[in-house]
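Examination of the molecular architecture
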Amino acid sequence: MESPLTDFKATVRGHSWATSLTDPSKGTTKPQGRYLLVRITMRNITKHPVHPPAHLSLHTADGSEYAPEWDQTFGQTVLVGRGKLNDLNPGATTTVVLVYDVPQGTKPAAVATLKLPG
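Everything numeric in this text was worked out from a predicted model, so none of it was measured. (Residues numbered from 1 in each chain as written. Predicted model: local features only at pLDDT ≥ 70, side-chain atom pairs only at ≥ 80, totals over all residues. Heavy atoms only, no water.)

Below, the discussion takes up the packing of aromatic side chains. Throughout the structure, instances matching the rule amount to zero aromatic pairs. Directly above the ring of Trp17 sits Arg34, whose terminal nitrogen or CZ lies 3.5 Å from the centroid. (Phe/Tyr/Trp six-rings, centres within 6.5 Å; stacked < 30°, edge-to-face > 60°. Lys NZ or Arg CZ within 6 Å of the ring centre and 35° of its normal.)

The four strands are arranged E6-E5-E8-E9 in an open sheet whose pairing can be described as antiparallel. On the outer flanks of this sheet lie strand E6 (65–66) and strand E9 (114–115), each paired with one strand and no other. Sheet topology note: the strand E5 (residues 58–60)/strand E8 (residues 108–111) ladder contains three bridges and is antiparallel. If you follow His59 over to E8, its bridge partner there is Ala110. (Pairing = 2+ DSSP bridges. Helix = DSSP H or I, 4+ residues; strand = E, 2+ residues; numbered from the N terminus.)

Checked against the element boundaries, Asn89 lands in the loop between helix H1 (72–79) and strand E7 (93–102). Residue classification places Asn89 among the partly exposed residues on the basis of a relative accessible area of 48%. Residues Asn89 and Arg43 lie 46 residues apart in sequence; the distance between their C-alpha atoms is 9.2 Å. Each residue touching Asn89, except ones within four places of it in the same chain, is listed here: Asn44 and Pro49. (Buried < 20%, exposed > 50% of the residue type's maximum accessible area, 1.4 Å probe, protein only. Contact = heavy atoms within 4.5 Å.)

Time to look at the environment of Thr19. Take Thr19: it is sitting in the loop between strand E1 (8–18) and strand E2 (21–23). Apart from residues no more than four positions distant in its own chain, Thr19 is found in contact with Lys30 and Pro31.

Before going further, it helps to examine the environment of Lys115. If you trace the backbone, Lys115 turns up in strand E9. Lys115 gets classed as exposed once you look at its relative accessible area, which sits at 70%. The contacts of Lys115, once residues within four sequence positions are left out, are Val12, Ala109 and Ala110.

Attention now goes to the sheet that holds E1. Within the open sheet, the three strands sit side by side as E1-E4-E7. Their pairing is antiparallel. The open sheet has two free edges, formed respectively by E1 and E7, since each of these has just one partner strand. The average angle at which neighbouring strand axes cross in this sheet is 20°, direction not considered. Note that E1 and strand E4 (residues 34–44) share 10 bridges and pair antiparallel. Directly across from Lys9, in E4, lies its bridge partner Arg43. (Axes fitted to C-alpha atoms, helices over the stretch in contact; angles between N-to-C directions.)

With that settled, consider the nonpolar core. Membership of the largest hydrophobic core comes to 19 residues, with the highest contact counts inside it found for Val38, Ile40, Met42, Leu56, Tyr100 and Val111. Those elements giving two or more residues to this core turn out to be E1, E4 and E7. Ignoring sequence-local partners within four residues, the contact set of Met42 consists of Leu5, Phe8, Lys9, Ala10, Pro52, Pro53, Leu56, Leu88, Ala92, Thr93, Thr94 and Val96. Within the second largest apolar cluster, seven residues are counted, among which are Leu21, Leu37, Trp70 and Val99. (Core = buried A, V, L, I, M, F, W, Y, C linked by side-chain atoms within 4.5 Å.)

Attention shifts here to the pairing of E8. In the case of a regular strand, side chains alternate between the two sheet surfaces. Summarising the sheet, E8 and E9 pair through two bridges and their orientation is antiparallel. By the bridge assignment for E9, Ala110 is matched with Lys115. The loop that links E8 with its antiparallel partner E9 comprises two residues; one of these, Ala112, has a positive phi angle of about 55°.

Here's what the structure looks like:
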């Protein structure tokens, strides 16, 4: 079960764009618009194991909101290359990549309460 974002010290490490993504189980897919990949580092700040959240909405400069298109496990295993995403013990850190399919020209502003740089 996902833990709330407040269980983590989370930092957006950057974002990038993609015109297609390849997953060993799904093959190559193309977005309706373009894929926005947001890399977030999360450190467990609680005193118990927690599971990083995967359903963090993207907020854009024009006030639109988008749900992630791909499971965070794809971002962890394929894009970050770290294997299966598991619960994090107290003080442990991981990096997740959330993938959004957004229209061309979208200006991303934040993921949940985390502002995106530039």
